[in-house]
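# Residue-level structure breakdown
Read off the chains here:
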Amino acid sequence: MSDDVLTSLEACRASLRAAEAAPGELLEEALRRNQALDRGDRPVHAFLSTLEPEAEPADGPRGLAAGESGDESSLRDVPVAVKDNLCTPDLPTTCGSRILEGYRSPFAATVVRRLERAGARVLGKTNLDEFAMGSSTENSGFGPTRNPYDRERVPGGSSGGSAAAVAAGVVPVALGSSTGGSVRQPAAFCGLVGIKPTYGRVSRYGLVAFASSLDQVGVLSRTVRDGAVVLETIAGSDPRDATCQDRPSPRAEALDEVDLEGRVLGLPDEYLGEGLDDGVRALVEDLAREAERAGAEIRRVSLPSTPLAIPCYYVLAPAEASSNLARYDGVRYGVRAQGAPDAATLFARTRGEGFGAEVKRRIMLGTYVLSAGYYDAYYRRAQRLRARIASELRDVFEAGVDALLAPTTPTTAFRLGEHASDPYAMYLADVFTVSANLAGLPAISIPIGTVDGLPVGGQLLCPPWEEERMLGLAARLEERVAWSPPPLASRSDTEVGA
Ligand code: GLN
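Residues numbered from 1 in each chain as written. Predicted model: local features only at pLDDT ≥ 70, side-chain atom pairs only at ≥ 80, totals over all residues. Heavy atoms only, no water.

### Here's the deal with unusual backbone geometry
What counts, and what does not: Put simply, DSSP H or I for four residues or longer makes a helix, DSSP E for two residues or longer makes a strand, and each gets a number counted from the N terminus. We call a residue buried when its accessible area falls under 20% of the maximum for its residue type, exposed when it is over 50%, and partly exposed in between, using a 1.4 Å probe and counting protein chains only.
Residue Ser 158 is bonded to the preceding Gly 157 through a cis peptide linkage, with omega at 5°. Structurally, Ser 158 can be placed in the loop between β3 (121–126) and α4 (160–167). One non-glycine residue, Ala 132, lies in the positive phi region at around 70°. Tracing the backbone through its elements, the reader meets Ala 132 in the loop between β3 and α4. By relative accessible area, which is 5% here, Ala 132 ends up buried. Non-glycine residue Trp 465 carries a positive phi angle of around 70°. Considering the arrangement of structural elements, one finds Trp 465 in the loop between β11 (454–461) and α14 (467–481).

### A few points about the nonpolar core
To keep things clear, this is the line we draw: Only buried Ala, Val, Leu, Ile, Met, Phe, Trp, Tyr and Cys residues count toward a nonpolar core, and they belong to the same one when joined by side-chain atoms within 4.5 Å.
With 145 residues, the main nonpolar core has Leu 75, Phe 131, Leu 175, Ile 234 and Ile 444 as its most contacted residues. For this core, the element with the most residues is helix α8 (residues 309–324), which contributes ten residues. Counting residues in each nonpolar core, the second largest holds six residues, with Val 154, Phe 189, Ala 413 and Ala 429 among its members.

### Some details on the packing of helix α7 (residues 278–293) against α14
The condition that has to hold: For helices, the fitted axis covers only the stretch in contact; all axes are lines through C-alpha atoms, and the angles between them, taken along N-to-C directions, range from 0 to 180 degrees. Note on angle classes: values under 35 degrees are labelled roughly parallel, values over 145 roughly antiparallel, values of 65 to 115 roughly perpendicular, and the remainder oblique. Should any heavy atoms of two residues lie within 4.5 Å, those residues are considered in contact. The classification used treats Ala, Val, Leu, Ile, Met, Phe, Trp, Tyr, Cys and Pro as nonpolar, Asp, Glu, Lys and Arg as charged, and all other residues, Gly among them, as polar.
Relative orientation of the contacting elements α7 and α14 amounts to 105°, with a least axis distance of 10 Å. In terms of axis orientation, α7 runs roughly perpendicular to α14. Where α7 approaches α14, its residues Leu 287, Glu 290, Ala 291 and Arg 293 are matched on the opposing element by Leu 477, Arg 480 and Val 481. Per-class residue counts for the contact of α7 with α14 are four nonpolar, no polar and three charged.

### Considering the sheet that holds strand β1 (residues 47–50)
Strands belonging to one sheet form pairs held by backbone hydrogen bonds; the direction of such a pair is parallel or antiparallel. We count it as follows: Only strands that DSSP links by at least two bridges are regarded as paired with each other.
Overall, mixed pairing links the eleven strands, which are arranged β1-β3-β2-β4-β6-β5-β10-β11-β9-β7-β8 in an open sheet. Only two strands of the sheet have a single partner each, and these edge strands are β1 and β8 (297–301). Each adjacent strand pair in this sheet contributes to an overall mean axis angle of 30°, direction not counted. Here five bridges tie strand β7 (residues 264–268) to β8, and the two strands are oriented parallel to one another. By the bridge assignment for β8, Leu 267 is matched with Arg 300. Most of the contacts of helix α6 (residues 224–234) go to strand β6 (residues 216–221), to which it runs at about 150°, and overall it touches β4 (173–178), β5 (193–196), β6 and β10 (443–451). Along the sheet, α7 makes contact with β7, β8, β9 (403–407), β10 and β11, crossing β10 at roughly 115°.

### Some words on empty space enclosed by the protein
Note the following rule: Put plainly, a pocket is an open set of points on a 1 Å grid over the protein atoms alone with protein on both sides within 12 Å along at least five of seven lines, a cavity is a set where a 1.4 Å probe fits but cannot get out, and a lining residue has an atom within 4 Å of a point. Grid points are joined across faces, edges and corners, and a volume is the space filled by probe spheres set on the points.
Scanning all chains against the criterion turns up three cavities of 30 Å³ or more. Here the largest cavity defines a volume of roughly 60 Å³. The wall of the largest cavity is formed by Ala 132, Met 133, Gly 134, Thr 179, Gly 180, Gly 181, Ser 182, Phe 210, Tyr 313, Tyr 314, Arg 362 and Asp 430. Partitioned by chemical class, the residues of the lining of the largest cavity number five nonpolar, five polar and two charged.

### Here we look at the site of the ligand
Worth spelling out the cut-off: One heavy atom within 4 Å of a molecule or strand makes the whole residue count as near it. Under this definition, polar contacts are N or O atom pairs within 3.5 Å; protein pairs additionally need one hydrogen-donor-capable and one acceptor-capable atom, and for neighbouring residues in sequence, both atoms have to be side-chain atoms. Here, Shrake-Rupley sampling with a 1.4 Å probe gives the accessible areas, and only protein chains in the shown set may cover a residue.
The full set close to the ligand counts 15 residues, and Gly 180, Ser 182, Tyr 313, Arg 362 and Asp 430 are the nearest of them. Gly 134 has a polar backbone atom sitting 2.8 Å from an oxygen atom of the ligand. The separation between a nitrogen atom of the ligand and a polar side-chain atom of Asp 430 is 2.5 Å. Out of a free accessible area of 290 Å², the ligand has 100% covered by protein chains. Looking at the shell around the ligand residue by residue, the classes come out as five nonpolar, eight polar and two charged.

### Some thoughts on the state of the cysteines
Here is the rule: The disulfide criterion used throughout: a pair of cysteine sulfur atoms within 2.5 Å.
Applying the stated rule across the entire model yields zero disulfides. Free cysteine Cys 87: the closest other cysteine sulfur is in Cys 95, separated by 7.2 Å. Accessibility expressed as a relative area gives 6% for Cys 87, which makes it buried. Of all cysteine sulfurs, the one in Cys 12 lies closest to Cys 190, which takes part in no disulfide; the gap is 19 Å.

### Some thoughts on the packing of aromatic side chains
The criterion, for reference: Two rings from Phe, Tyr or Trp (for Trp, the six-membered ring) form a pair when their centres are within 6.5 Å of each other. A pair whose planes differ by under 30 degrees is stacked, one over 60 is edge-to-face, and the rest are tilted. We count a charge as sitting over a ring when the NZ of a lysine or the CZ of an arginine lies within 6 Å of the ring centre and within 35 degrees of the ring normal.
With the rule as written, the count across this model stands at 15 aromatic pairs. Ring geometry for Phe 189 and Phe 414: centres 5.7 Å apart, planes at 90°, overall edge-to-face. Linking Phe 189 in helix α5 (residues 184–189) with Phe 414 in the loop between β9 and α12 (423–427), this pair joins segments that are 225 residues apart in sequence. The two residues Phe 189 and Phe 414 agree in class, both being buried. One aromatic cluster is present, built from ring pairs that chain together Tyr 103, Phe 131, Tyr 328, Tyr 333 and Phe 355. Across from the ring centre of Trp 465, 4.2 Å away, lies the NZ or CZ of Arg 247, which sits over that ring.

### Focus on the packing of α8 against helix α10 (residues 357–370)
At a closest axis distance of 7 Å, the pairing of α8 and α10 adopts a crossing angle of 100°. It follows that α8 is roughly perpendicular to α10 by the angle criterion. Contact residues: Tyr 314, Val 315, Pro 318, Ala 319 and Ser 322 in α8; Arg 362, Ile 363, Leu 365, Gly 366, Thr 367, Val 369 and Leu 370 in α10. Class assignment for the residues of the contact of α8 with α10 results in eight nonpolar, three polar and one charged.

### Points about the environment of Ala 309
Topologically, Ala 309 is positioned in helix α8. Taking relative accessible area as the criterion, Ala 309 reaches 0% and is therefore assigned buried. Separated by 122 residues in sequence, Ala 309 and Val 431 place their C-alpha atoms 7.2 Å apart. If we skip the residues at most four places from it in the chain, Ala 309 touches Ile 389, Val 434, Ser 435 and Leu 438.

### Topic: α4
Across the eight residues that make up α4, a large majority, eight, are buried. The set of residues buried in α4 consists of Gly 160, Gly 161, Ser 162, Ala 163, Ala 164, Ala 165, Val 166 and Ala 167. Buried residues belonging to α4 abut β1, β2 (79–83), β3, β4, α5 and β6. Directly after α4, the chain includes Gly 169, whose backbone phi takes a positive value near 80°.

Set out below in structure tokens:
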């Protein structure tokens, strides 16, 4: 099987069509590649659990015999990876937390069911920062994931396992989730496309809640087109999620209908200022010039509340998390502390032993900002600020900007442990991504170059429900950038993918 068989939906289809690979073989190949990445003293560790290869018949349980159906779903028999905060009955769902070690959901998340209905095969569940709280995957209760491009560095987070799995060529596409940037940020660190849909575009049923008013399932892929195919498959209303709206799915086909010519791209001053790595800034400016050459107008805009987005997010997200995580008490889910003499001790011990440091920090922050004496000073103010951030963005779009162009992250992938003792430095990794979550907007990160051999992401933000425009513009920029990933082992001496 060719080296790049698992790098795109098209490559998978081509090898299935050429009968180079029987349907089950693609899955086995993916499992083999994953095992190879986990050997040695610096394992990538993209997955927390995978299917047993022999557990399924070679032609798979859902695959149709050739000619049985006219449905040429581009996902049929394609191995995909799913973040371990999406419920699956066939594999554990741990959210990267010891408190859910071994937990198995009785049902599948809507997005997982939709992928499987399209014929995709869920190969395994990917590593994440515990309950999706983090930007490096180091907060996982089961050990970190390493960046396949440099194993001394983080893949980003919290969907770091999904990003590493796609970047290392184990699967062509993967699902992640974004509360403040957890799809775009790891996409940027791993040279991938990361799509965060409009809030309400994709069902959250079966996505374990972190901050419900911000959470949204997203897609990691190598190309805009593959991401669009997955988004089209998983989007759409769901009676089980009242926040998921009844709108037609963005069509992957619409990519070709969008042009840069005549479009207005807004470049926000606040996204290009202090704290941004010079190399990253230069690549974003190159991208803007490239767009101009293709006939787009670049307009400088201002979003003055941008510096307040991180403080706003780190009041609201922990507040919602502190409430959502109250359910882990050792009674209904997962692990239970042994030998507690009464219920209160059972709850306290289970939570004390089961949650990691960052999760505890967020629960404390969240209960603090919601408490009677501080609610007005913190929670209510942050809610107002959220409304202001959203209205500044709305105003920019209403003034004729088609999309905002910005860096995805201030730096390239940092070293493992670099921010371990400074949570605030870690929080700043999301400075350019949280606004889209706070305002509920769709956003995408695409690879735009490398700095010192490490991938850099550029971001587009669009008005709500404008995914087709966003994906089309991203596809045109992708063509112009023509980025090709550096060799996997370029920055580390470990052998990969062998
Ligand atoms: N890094 C951010 C956080 O720690 C965002 C996480 C996310 O999007 N899930 O909360």
